[in-house]
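# Structure at a glance
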Amino acid sequence: MRIALLPGDGIGPEVAAAAARVLEEFAPELELEKHLFGGAAIHATGEPLPPETLAATREADAVLMGAVGAPEFDGAAVRPEQGLIRLRGELDVYANLRPARADGIDLLVVRELVGGLYYGARGVRDDGTVFDTMEYRPDQVERIARRGFELARARRGHVTSVDKANVLDTSRLWREVVVRVHAEYADIELEHMLVDNCGLQLVIAPERFDVILTENTFGDILSDVAVGKTGGLGLAASASLGDGRPGIFEPVHGSAPDIAGQGIANPAAMLRSAALMLAHGLDRPDEAARLEAAVDGALVDAPTPDLGGAASTSDFVEAVLAGIRP
Ligand code: IPM
Ligand code: MG
């Protein structure tokens, strides 16, 4: 099993090193290979996703990523985030799973990841107008809807499909296709919700949700709202899956330049992403569950400063390793 490890920028290399340390001991048969990505790759090669890195990810069984982005690139023509958007598209990882769990809350955001505003036509008109366009083809909606219903089947059997069908044509297409696909999933309960109301419901009644199925931009925003209710970005992991391997596994958090280099980054989101990699990317659900449990234990025994504790990144890693040792 080959894992392409893309540390990236800011705290990315620190949490990536934490994951490498844990996996080397916990799953030594995995071959981890580091590659340049994001701002670090722009510095070294001029582009955020160098051809060597893209080729290595294609050959890997899974891609494990730290974080990309740095303030020095704000407004620049070549930016770290472009590498991430391109990599998602190249690997066609259309289903982004973002679980959010805390007392009474257990929901999964299923975000369409390779369509919509992020990938639509964009440009500048002669009069100076700048435009990004939200575009969806029916087959793009169909495959993510199917994935959402499948995932709900392994959970509590409820899907909330989120759109803005009172305004957007893409949302009316979304709703129509979701309803059509739902006909094959009679055992799953489906409701539709407008995105503004979903934001509100996530804040006032997050426990009502099981699977939230939505398009790219809405999912970006709603998943941050959801993690705001479940312990914050330091804890939130994600899996981005296509129809085969490799998937991309990455924390929801960014590169956190304000705390980079201090050894205090919370590696929980990264380690949970590694657990999602074991479960969804490598078909090793039992090991995933053991790693999850060890991370939960470390959150109690060795909380980092973002959680009000005083543990360093490496203290946290030691606590996780103690939890997985037989
Ligand atoms: C995320 C991030 C990315 C996104 C950025 C870094 C491009 O916010 O994974 O949620 O918008 O998808
Ligand atoms: Mg985001």
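So, a few notes on the structure that sits alongside this text. What you see is a predicted model, and the numbers here were worked out from it, not measured in a lab.

The buried fraction of strand β11 (residues 237–241) is high, at five of five residues. Every second residue of β11 is oriented toward a common face, with Ala237, Ala239 and Leu241 on one face and Ser238 and Ser240 on the other, all of them buried. Pairing between strand β4 (residues 95–102) and β11: three bridges, direction antiparallel. Counterpart to Ala95 in the pairing with β11 is Leu241. Here β11 runs beside strand β12 (residues 247–251); their pairing, made up of four bridges, is antiparallel. Following the sheet pairing, Ala237 is matched in β12 by Pro251.

The next subject is the nonpolar core. With 67 residues, the main nonpolar core has Val22, Leu64, Met277, Leu291 and Val320 as its most contacted residues. Once residues lying within four places of it in the same chain are set aside, the contact partners of Val22 are Ala27, Leu271, Leu291, Val317, Val320, Leu321 and Ile324. Counting residues in each nonpolar core, the second largest holds 15 residues, with Leu6, Met65, Leu87 and Leu91 among its members.

Another point: the pattern of salt bridges. Oppositely charged side chains can form a pair if their charged atoms are brought close together. On inspection of all chains with the given rule, the structure shows 29 salt bridges. Between Arg146 and Glu142 there is a salt bridge whose closest N-O contact spans 3.2 Å. Residue Arg146 and its partner Glu142 are both found in helix α5 (residues 138–153); the two are separated by four residues, about one turn of the helix. Given a relative accessible area of 27%, Arg146 falls into the partly exposed group. Exposure remark for Glu142: the relative accessible area of 24% places this residue in the partly exposed category. With a closest N to O distance of 3.9 Å, Asp210 and Arg156 form a salt bridge. Placement of the pair is Asp210 in the loop between α7 (195–204) and β10 (211–214) and Arg156 in the loop between α5 and β8 (158–163), with a sequence separation of 54 residues. The buried category is assigned to Asp210, whose relative accessible area is 2%. Linked by salt bridges that have partners in common, Arg21, Glu25, Glu318 and Arg325 make up one network.

The next thing to look at is the site of ligand 1. Ligand 1 sits among Glu81, Ile85, Arg88, Arg98, Arg111, Tyr118 and Asp220. A distance of 2.7 Å is found between an oxygen atom of ligand 1 and a side-chain nitrogen or oxygen belonging to Arg88. Tyr118 places a side-chain nitrogen or oxygen 2.6 Å from an oxygen atom of ligand 1. If ligand 1 stood free it would expose 320 Å²; the protein chains cover 78% of that surface. Looking at which element gives the most residues to the shell around ligand 1, the answer is helix α4 (residues 80–91), with three residues. Per-class residue counts for the shell around ligand 1 are two nonpolar, no polar and five charged.

Scoring rules and cut-offs
- Sequence order as written defines residue numbering, which begins from 1 separately in each chain.
- Chains and ligands are labelled sequentially in the order written, the chains with letters from A and the ligands with numbers from 1.
- Where totals are concerned, whole chains, interfaces and linings use all residues; where local detail is concerned, this predicted model gives features only for residues with pLDDT of at least 70, and gives and counts side-chain atom pairs only at 80 or more.
- Hydrogens and water molecules were not included; the side-chain quantities draw on all heavy atoms of the structure.
- Each residue gets one of three labels from its accessible area relative to the maximum for its type: buried under 20%, exposed over 50%, partly exposed in between, using a 1.4 Å probe on protein chains only.
- To qualify as a helix, a DSSP run of H or I must reach at least 4 residues; to qualify as a strand, a run of E must reach at least 2; elements of each kind are numbered from the N terminus.
- Here, a strand pair is defined by DSSP locating no fewer than two bridges between the strands.
- In these notes, a set of buried Ala, Val, Leu, Ile, Met, Phe, Trp, Tyr and Cys residues joined through side-chain atoms within 4.5 Å is what counts as a nonpolar core.
- Working rule for contacts: check all heavy atoms of both residues, and any pair within 4.5 Å makes them a contact.
- The working definition used for a salt bridge is a side-chain nitrogen of Lys or Arg within 4 Å of a carboxyl oxygen of Asp or Glu.
- Being near a molecule or strand, for a residue, comes down to having at least one heavy atom within 4 Å of it.
- Whenever a nitrogen or oxygen atom comes within 3.5 Å of another N or O atom, the pair is scored as a polar contact, on the condition that within protein one atom can donate a hydrogen and the other can accept it, and that pairs from neighbouring residues in sequence are kept only if both atoms are in side chains.
- Here the accessible surface of atoms and residues is derived via Shrake-Rupley with a 1.4 Å probe, and residues count as covered only by protein chains that are part of the display.
- Residues are grouped as follows: Ala, Val, Leu, Ile, Met, Phe, Trp, Tyr, Cys and Pro are nonpolar; Asp, Glu, Lys and Arg are charged; all remaining types, including Gly, are polar.

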